[in-house]
Structures are given as C-alpha cells and as structure tokens.
Amino acid sequence: MAKQPKRIQAWTGDRDATHTVEAAIALVKANAKAKFDESIEISVNLGVDPRHADQQVRGVVNLPSGTGRDVRVAVFAKDAKAAEATAAGAEHVGAEDLYEKIAGGFMDFDRVIASPDMMALVGRLGKVLGPRGLMPNPKVGTVTPNVGQAVKDAKGGAVEFRVEKAGIVHAGIGKASFTDEALIINVKALVEALNRSKPSGAKGVYVKRIGLSSTMGPGFKVDVASVG
C-alpha cells in the first residue's frame, strides 16, 4: 500500500463523525496548513432531482463576511450604464468590442454582468460563457439595469449557487484567514438562501447533508440542525 503524503498524515479530527458547524469550522481551519490562504468550501446535498424542471435550485447570496476573493467583473453596457459600471470598479466594460474580445478567447474575468438591452448580443456567446457558468441571468441578478450595484455586489461578497446533477451545491464561503465567527455567519447565510430557494417539487428532507473543507485539507461533516 502506498504511503500517504506527510500532509495527509498530519490531518487531525474525526472525519467520520458529524460535528456542529462551530466545531467543523475549527477543524477545517486547523487543517488548512498550505503556504497560501486556502479557500473554505461548502458542499450541501439537497433532496432534489435537478433533472426535473420543478426541482431546480439556483440563486445568489450576499455573504455578510465577504468571500476573500478579488472578483474580476466584465460588464456589457453602453453609454451611461457603461460609465456606471466603470465607476463601480468593473475591470472590463464594453459592448460589441467586448463581445469580439471574448469570442476571440479572452476570459480574464470571474463574473459577467449585462444590462437588459445587451442580451441579444451576449446571447451569441452562450456556447462560450454557458459551460463556464458565466452566462448572465436575471435570476441571479447578473442581467439588470442597475449594473453599478451588481458590480459592487459581485465584488462585495455575492456568490451564485446552482445545484449540480447529483443534487449537490458547491460554493466558497471565505478564506482560512477569516475568523471562525465570520465563516460561521457565511455558512448560515448560504444555507438560509438555499432554504429560501427550495423548489416546489422538492419532497421530504430538503437539506440532507453539509460538508466543509479547505482547498488542500480534509472534509468534515456538519450537523444540519446546528446551522439552523
């Protein structure tokens, strides 16, 4: 049997037990020993079957403690809306010119926002942006006439979530350098947002399991009831 790397041998905590959210956060942080500020990630297993239209789960949540990430934003807008987006801190703002850059392979951004009048143009990038989860959508606030506020939200802690085929939602909820309290607040905010997004077709137990981990560390199970 191959010997485990020292990094894995050094992991501490019971990975089979179910912990309170407070204990799980403490364990995840204790095992985040990489030389960089590891991201803290949450996985939530939901009682839904995304193959059915009435069991889709998608939305956006503003994490109270922020994400710790420097989010690069591209905005499709013209004239006054373009100026508004630039003033709010968007890295890339444009219309046909931005379309040509992205169609040519430019992908130096993490979020795409568009004013409604730009969607006919942006829609032509569906095959490029869609598979990467970057296509603007009014359901998550990335198609909006208020592009300036959308840019501020994206940079201030707005996180999009979407259930995957297996019924799981993955999201980043901060960095290992965050305080325990800041991470706990973010976990609870995300789970509350998922509960608010419960689809009409969901039956039985909705939030089944929750797990927390860091980029390079082990995962720990969280007692759903402790999240509230």
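Refer to the structure printed above.
Rules of the game
Residues numbered from 1 in each chain as written. Predicted model: local features only at pLDDT ≥ 70, side-chain atom pairs only at ≥ 80, totals over all residues. Heavy atoms only, no water. Core = buried A, V, L, I, M, F, W, Y, C linked by side-chain atoms within 4.5 Å. Buried < 20%, exposed > 50% of the residue type's maximum accessible area, 1.4 Å probe, protein only. Helix = DSSP H or I, 4+ residues; strand = E, 2+ residues; numbered from the N terminus. Contact = heavy atoms within 4.5 Å. Axes fitted to C-alpha atoms, helices over the stretch in contact; angles between N-to-C directions. Parallel < 35°, antiparallel > 145°, perpendicular 65-115°, else oblique. Left-handed = near helix turned anticlockwise from the far one by under 90°.

Trainee: I'd like a description of the nonpolar core, backed by residues and values.
Mentor: Soluble globular proteins tend to pack their nonpolar side chains together in the buried interior. Among the nonpolar cores identified, the biggest contains 39 residues, and I42 and V187 are the most heavily contacted of them. Elements supplying a minimum of two residues to this core: α2 (21–30), β2 (39–46), β7 (158–162), β8 (168–175), α8 (180–196), β9 (207–214) and β10 (220–222). The element best represented in this core is α8, accounting for nine residues. If we ignore the near neighbours within four places in the chain, the residues touching V187 are V21, I25, I42, I173, L212 and V227. In terms of nonpolar packing, the next biggest core, distinct from the first, is built from 15 residues, F109, V112, V122 and L129 among them.

Trainee: So what about the packing of α2 against α8? Which residues, and what values?
Mentor: Interaxial distance between α2 and α8 falls to 10 Å at its minimum, and their mutual angle equals 125°. Accordingly, the angle class assigned to the pair α2 and α8 is oblique. As for how α2 packs across α8, the hand of that crossing is right-handed. Contacts between α2 and α8 involve V21, E22, I25, A26 and K29 from the first element and D180, L183, I184, V187 and K188 from the second.

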